[in-house]
Amino acid sequence: MSTLTKYFVYGPNDTLRRMAPKLFDSLEPKYLYKYSSPKSGDEIFVALYEQYEKQINATVTLVCVIECADRKNRIELKKAGGRMGFRGSSLSEDKNIEADVIDFVMDYAKRFGLSLQEQIDKPEEDES
């Protein structure tokens, strides 16, 4: 089971640059990598979150990639892990880490008047 979610956040550069550090202070990742481009000043953050779900006895992993460029943040969330099959899916009543990260991004964008856009990829059609 894996899902990919992409968001674009538009707004003033200073406000966008504060988003990633605030997210990682609020929801501390297990691993965090930061790259800063010396020429353009763009920043890329890669964070790995792990959450053990007791009900399904499995670990869910979330990779969060945030690219901070001029007037735009690109956020990719790749969720993997969990269980599918006879025991059911990983849907549980408890909030998972992916929902927490998405809630933070939406709240931050709303609070500071940023534009938030979700990118939805079109499913590939089989040629037959």
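Just above sits the structure.
Residues numbered from 1 in each chain as written. Predicted model: local features only at pLDDT ≥ 70, side-chain atom pairs only at ≥ 80, totals over all residues. Heavy atoms only, no water.

Regarding its fold elements, the protein chain presents two helices and six strands. The order of helices and strands in the protein chain, counted from the N terminus, is β-α-β-β-β-β-α-β. A buried classification covers 34% of the 128 residues belonging to the protein chain. Within the protein chain, counting contacts between residues at least 6 apart in sequence, those at least 24 apart form 58% of the total. For the protein chain, the exposed area adds up to about 8600 Å²; of that, 49% sits on carbon and sulfur atoms. (Helix = DSSP H or I, 4+ residues; strand = E, 2+ residues; numbered from the N terminus. Buried < 20%, exposed > 50% of the residue type's maximum accessible area, 1.4 Å probe, protein only. Contact = heavy atoms within 4.5 Å. Areas by Shrake-Rupley, 256 points an atom, 1.4 Å probe, with all protein chains shown as cover.)

The next point concerns the nonpolar core. In this structure, Leu23, Phe24, Tyr49, Ile66, Ile75 and Leu77 are the most contacted members of the largest nonpolar core, which totals 25 residues. Listing elements by their share of this core, those giving two or more residues are β1 (2-10), α1 (13-26), β3 (43-53), β4 (58-69), β5 (72-81) and α2 (97-111). At seven residues, the largest contribution of residues to this core is made by α2. Non-local contacts of leucine 23, meaning those with residues more than four positions away in its chain, are made with Tyr49, Cys64, Ile66, Val101 and Phe104. (Core = buried A, V, L, I, M, F, W, Y, C linked by side-chain atoms within 4.5 Å.)

Taking 1.5 Å of rise per residue, the 15 residues of α2 would be expected to cover 21 Å, and the 21 Å separating its terminal C-alpha atoms lies within 8% of that figure. Taken residue by residue, α2 has Ile97, Glu98, Val101, Ile102, Phe104, Val105, Tyr108 and Ala109 as its buried positions. For α2, the arc enclosing every buried residue in end-on projection is 155 degrees, short of the 170-degree limit, so these residues lie on one face. Among the exposed residues of α2, those pointing more than 90 degrees away from its buried face are Lys110 and Arg111. Glycine 113 sits one or two positions beyond α2 and adopts a positive phi of about 70 degrees. (Expected span 1.5 Å × (residues − 1). Arc of directions from axis to C-beta.)

Relative to the helices and strands, asparagine 96 is located in the loop between β5 and α2. Within the structure, asparagine 96 has its side chain in polar contact with the backbone nitrogen of alanine 99 (distance 2.9 Å). Sequence-distant contacts of asparagine 96, that is, excluding residues within four places in its chain, are made with Gln51, Glu53 and Lys79. (Polar contact = N/O pair within 3.5 Å; in protein donor to acceptor, adjacent residues only side chain to side chain.)

Geometric values such as these leave the question of function open.
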